[in-house]
Amino acid sequence: MFTLIFLFFLLNIPLLMPRSTCFWRMEQNNDKDEDLVKDCTFMLTSVQWPVERDYFKNILNMQKPTENIQFALALTFSIDEVNRNPDLLPNTSLVLQFPEGGCKNMSQLHSRLHFSEKNNNDILPNYICMEDTTCIVLLTGPNWAASAVSGTVINLYISQQLLQLTYGPFHPLLSNREQFPFLYQMAPKGTSLALGMVSLMLHFNWNWIGLAISDNDQGTQFLSHLRREMEKNKICFAFLNMIPVEMHLYLSRAKVYYNQIITSSTNVVIIYGDTDSALAVGFRRWKSLGIQRLWITTSQWDVTTIKADFTLNSTYGTLAFAHHHAEISHFKSFVQTLNPIKYSNEYLARLEWMKLNCEVSAFKCKTLKNCVSNTSVQWLKVQTLDMAFSDNCYDIYNAVYTVAHALHEMILQVYNQPMDNGKEYYGHCLKLNSFLRKTHFINPVGERVNMNQKEKLQEEYDIFQIWNFPYGLGLKVKIGEFSTHFPHNQQLHLYEDMIEQSTGSRQMPLSVCSADCGPGFRKFWQEVMTACCFDCHRCPQNEVSNETNVDKCVRCREDQYANREQNQCIPKAVIFLNYKEPLEIVLALTALFFSAFTTVVLGVFLKHHDTPIVKANNQNLSYILLISLIFSFLCPLLFIGHPNLATCVMQQVTFGVVFTVAVSTVLAKTVTVLLAFKVTVPGRRMRYFLVSGAPNYIIAIFTLIQIIFCAIWLRFSPPFIENDAQSEHGQIIIVCNKGSVNAFYSVLGYHGSLALASFFVAFLARNLPDTFNEAKLLTFSMLLFCSVWVTFIPVYHSTKGKVMVVVEVLSILASSAGLLGCIFVPKCYIILLRPERNSVQKLRERTQFSAHIS
């Protein structure tokens, strides 16, 4: 005969919140500590007869039934469900009994451990009564420390009489099979809790988190897991409070912990530790002092938070992670069937049931009047009890079924075996232990229970948001789930509509160290800053960022540029010297005008080819110079329009050769003037050089040298088309790259050398006594030519892109116009407007007349 005895020990839990005047007087002298969850221990065995199903009187034996009463109700519900199940434990019932004096702690439990045998001679229908052989199963929790103490005692002294199951949070120390061979934890391991919390942080873009944990092995292990996940996702600790386990150490530093939280800029704080620790005292204290934070914790803290002070700020509250489990559908109806009205006023007063259903005497607090008859315990639903199973209650539920299944399997195996009453008493626990170790089943709500702790199951969490209201009332709303079944980025699922209904917004409070760096900015860290704290700096030139909190800006491609806000790259406009632009039109018209004007001048010279002013200084050279100037004025047209490879080559070759012809022609004319004067001087033998046309060879020789040089240039470093994306912001300037800058400046230098030679020779011949001597005109033309190109070099170097091309075009036009204006315009003036000066006869008559007068 098995006897199942539950010894439920619950330590006093004070209530800080004032209730009615009567209850406040009753509690104010006894409740000095904070609202902590204490350990509750059960002792389990079985009996072989039907048991009374009126469980409420057993609950009333508790000294403080309103504290953790959900554990007692979960137990009674689980036992009642097992006893009603015809497929479990045939010929056996589970019972719930309390020893005299109510709930005790573990030290009191050890002093009360006594085992007695009972004989029941009554033969009950449908039950086969046997002698009592008892194995006691302890159900301990919710805090691991008491479970560890009892596990050690069982292992050392009474391992053959007791087995132990825990319903508190999983603790790695209790899973040590060598140290605790007779202890089984019902709670899942919870190794994914840190990952779930970090996933929540990422969803709401939190990166500045406070943490307060118990300074013990469990807290250190959780910190290790949490830190690893946070570092992977660049989330930082705003502060880290390791709360000592010893109360006196915490009290000596309580102000430091409080100031650290109140001065921190974080809006989110994680609480992790035991609910009967100094951390729980601090947590209760922080909330009572009005610290407005969003607390993230586990479901074990529900009891503490549900009695916290009322806050009107719906933005803050508590987010609790609870292991996912199916709803126990019959629990609510079970609680509603418990009828407390038939019990004594003393029990009801302790339950506070009469607060909602009776009139309370102001002088005798335990006197009830006008109580509503036939009233159930539905008040628990709104007063102190969450009608949904908590993690601890669900562990109790599974623990009862685990014991029932293990006993059931053992009964089926040993039912027909004879028992030695003396040995079976001690061997029964060892036998049951072997069955517990292998027990696995599907519980009534369809979830798998496996006592093989080495088998790793996928973890699932429900996420609840909790608000507290006066008189211990609270609102608990499921807002999401976290499951490791799904791929990494899809493990968290939040119910946005539930969040909006409960808070009025789909967003949670922002918790970041630094404000987001918007588009166009990048994060900048100083040496003393953590990874989550940074300054925002504008992206460098031509770099963009179109997201928030980027580490580096992205440089735009060569054919793009950053807009003013630097949040996107815009295609650059393609720019070149276009005939449609005003400047280019002016340049083109200027070139055509001077080219046409030079053509007219050439026509004038051809028409008056037999006049002295045209014949003077070698008229053929004048024709060559005018033709070269026509091409010089047309040369800028190669620079205007969309560049291509042909025009790029023609620009430099035409410029180099045509200007060489022009300048060498000027040199030939100056040499002709000088030779003509030398020939007229008696005793000079220069006539051969003048008559033989030696000055004409100057043009051919110097032009050939230039052609050879240009051929070498084109062979080794020819000009090419270049897209200049750097010179002008937002523009791509298509220009002709000269290929070799040295070659280009060599061409200019060659032109300059010829111009200086021409200037020097013309300067020597400027005062020669010849009526039609043009040495002065050549001197001024070369002076202007050199001035233009000397000015060109620094200006060309200081400009870029399109302006550089314009400068070169203007220099070509200016130098060509200088040659035309200085050499030919005065002659045209004489030919067209002063014809008398273009006649030898008239000049002689004028000379004679002047001499006669004098």
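Residues numbered from 1 in each chain as written. Predicted model: local features only at pLDDT ≥ 70, side-chain atom pairs only at ≥ 80, totals over all residues. Heavy atoms only, no water.

K.L.:
Got a minute to help me understand the overall build of the protein in this structure?
P.N.:
In terms of regular secondary structure, the protein is built from 27 helices and 26 strands. When each of the 854 residues of the protein is scored for burial, the buried share is 52%. Taking the contacts inside the protein whose residues are at least 6 apart along the sequence as the reference set, 72% of them involve residues at least 24 apart. Accessible surface, the protein as shown: approximately 40500 Å² in total, 56% of it carbon and sulfur. (Helix = DSSP H or I, 4+ residues; strand = E, 2+ residues; numbered from the N terminus. Buried < 20%, exposed > 50% of the residue type's maximum accessible area, 1.4 Å probe, protein only. Contact = heavy atoms within 4.5 Å. Areas by Shrake-Rupley, 256 points an atom, 1.4 Å probe, with all protein chains shown as cover.)

K.L.:
Looking at this structure, I do not really get the pairing of strand β26 (residues 731-737). What am I missing?
P.N.:
Counting buried residues in β26 gives 5 out of 7 residues, a clear majority hidden from the surface. Here 3 bridges tie strand β24 (residues 573-575) to β26, and the two strands are oriented parallel to one another. Directly across from Ile575, in β26, lies its bridge partner Ile733. (Pairing = 2+ DSSP bridges.)

K.L.:
What's the story with the packing of helix α24 (residues 741-764) against helix α25 (residues 775-798) in this structure? I'm lost.
P.N.:
Two numbers describe a pair of packed helices, the interaxial angle and the distance between the axes. Closest axis-to-axis distance for the α24/α25 pair is 8 Å, and the angle between their directions is 155°. Comparing their axes, α25 and α24 come out roughly antiparallel. When you trace α24 past α25, the crossing you get is left-handed. On α25, the residues touching Phe744, Tyr745, Leu748, His751, Ala755, Leu756, Ser758, Phe759, Ala762 and Phe763 of α24 are Ala775, Leu778, Thr779, Met782, Leu783, Phe785, Cys786, Trp789, Phe792, Ile793, Tyr796 and His797. Residue composition of the contact of α24 with α25, by class: 18 nonpolar, 4 polar and no charged. (Axes fitted to C-alpha atoms, helices over the stretch in contact; angles between N-to-C directions. Parallel < 35°, antiparallel > 145°, perpendicular 65-115°, else oblique. Left-handed = near helix turned anticlockwise from the far one by under 90°. Nonpolar A, V, L, I, M, F, W, Y, C, P; charged D, E, K, R; others polar.)

K.L.:
Just to check I follow, could you spell out a nonpolar patch on the surface for this structure?
P.N.:
Together, Ile585, Leu589, Leu592, Ile627, Phe631 and Leu634 make up a nonpolar patch on the protein surface, roughly 510 Å² of accessible area in all. Those elements giving two or more residues to the nonpolar patch turn out to be α18 (582-607) and α20 (619-634). Here Leu592 lies in helix α18. On the basis of relative accessible area, Leu592 is assigned to the partly exposed category, the value being 44%. (Patch = residues over 30% accessible without salt bridge, like charges linked within 9 Å, V, L, I, M, F, W, Y side chains within 5 Å. Salt bridge = Lys/Arg side-chain N within 4 Å of Asp/Glu carboxyl O.)

K.L.:
Which parts of the structure should I look at to understand the environment of Ser753?
P.N.:
Structurally, the position occupied by Ser753 is in helix α24. Sequence separation of Ser753 and Cys786 is 33 residues, and the distance between their C-alpha atoms is 9.6 Å.

K.L.:
How should helix α7 (residues 217-232) be read in this particular structure?
P.N.:
The α-helix advances 3.6 residues per turn, and as a result positions three or four apart in sequence lie on the same side. When the terminal C-alpha atoms of α7 are compared, their 23 Å separation across 16 residues agrees well with the 22 Å that a helix rising 1.5 Å per residue should span. Along α7, the residues classified as buried are Gln218, Gly219, Phe222, Leu223, Leu226, Glu229 and Met230. All buried residues of α7 project into a common sector of 140° when viewed along the axis, lining one side. The outward face of α7, more than 90 degrees from its buried face, is lined by the exposed residues Asp217, Glu231 and Lys232. (Expected span 1.5 Å × (residues − 1). Arc of directions from axis to C-beta.)

K.L.:
Would you mind showing me how to read the nonpolar core here?
P.N.:
In globular proteins that are soluble, nonpolar side chains generally tend to be buried together. Counting 66 residues, the largest nonpolar core has Phe605, Phe655, Phe785, Trp789, Leu819 and Phe824 as its most contacted members. At 13 residues, the largest contribution of residues to this core is made by helix α26 (residues 801-833). Counting 54 residues, the second largest nonpolar core, distinct from the first, contains Leu94, Leu163, Tyr397 and Leu432. (Core = buried A, V, L, I, M, F, W, Y, C linked by side-chain atoms within 4.5 Å.)

K.L.:
What am I meant to see in the state of the cysteines here?
P.N.:
Chemically, a disulfide is nothing more than a covalent bond linking the sulfur atoms of two cysteines. In the structure shown here, the tally under the stated rule is 6 disulfides. Between the sulfur atoms of Cys513 and its disulfide partner Cys533 the distance amounts to 1.8 Å. Around the S-S axis, the bridge from Cys513 to Cys533 shows a dihedral of about 105° and counts as right-handed. A residue pair is termed long-range when its members are at least 10 positions apart, and Cys513 in the loop between α17 (496-503) and β18 (521-524) and Cys533 in the loop between β18 and β19 (535-538) qualify at 20 residues. (Disulfide = S-S within 2.5 Å.)

K.L.:
Sorry if this is basic, but what is going on with unusual backbone geometry here?
P.N.:
Backbone phi values are negative for most residues with the exception of glycine, while trans is the configuration of most peptide bonds. A cis amide bond links Gly141 with the next residue in sequence, Pro142, at an omega value of 0°. You can see Pro142 is positioned in the loop between β3 (136-140) and α5 (144-156). Despite not being glycine, Asn549 shows a phi value in the positive range, around 60°. In this structure, Asn549 sits in the loop between β20 (543-544) and β21 (554-555).

K.L.:
Whenever I open this one, the pattern of salt bridges confuses me. Can you help?
P.N.:
Pairing is possible between side chains that carry opposite charge, provided their charged atoms lie close to one another. Counted by the stated rule, this structure contains 10 salt bridges. The partner of Glu481 in a salt bridge is Lys478, with the nearest N and O atoms 2.9 Å apart. Taking relative accessible area as the criterion, Lys478 reaches 24% and is therefore assigned partly exposed. As a salt-bridge pair, Asp551 and Lys523 come within 3.3 Å of each other at their nearest N and O atoms. With a gap of 28 residues between them, Asp551 in the loop between β20 and β21 and Lys523 in strand β18 connect regions that are remote in the sequence. Each of Lys234, Lys523 and Asp551 takes part in salt bridges that share partners, so that together they form one network.

K.L.:
Is there a simple way to explain the packing of α18 against α26 in this structure?
P.N.:
One can describe the packing of α18 onto α26 by two numbers: an axis separation of 10 Å at closest approach and a directional angle of 25°. With respect to their mutual orientation, α18 and α26 come out roughly parallel. As α18 runs across α26, the sense of the crossing is left-handed. Here the contact of α18 with α26 is composed, by residue class, of 19 nonpolar, 2 polar and 3 charged.

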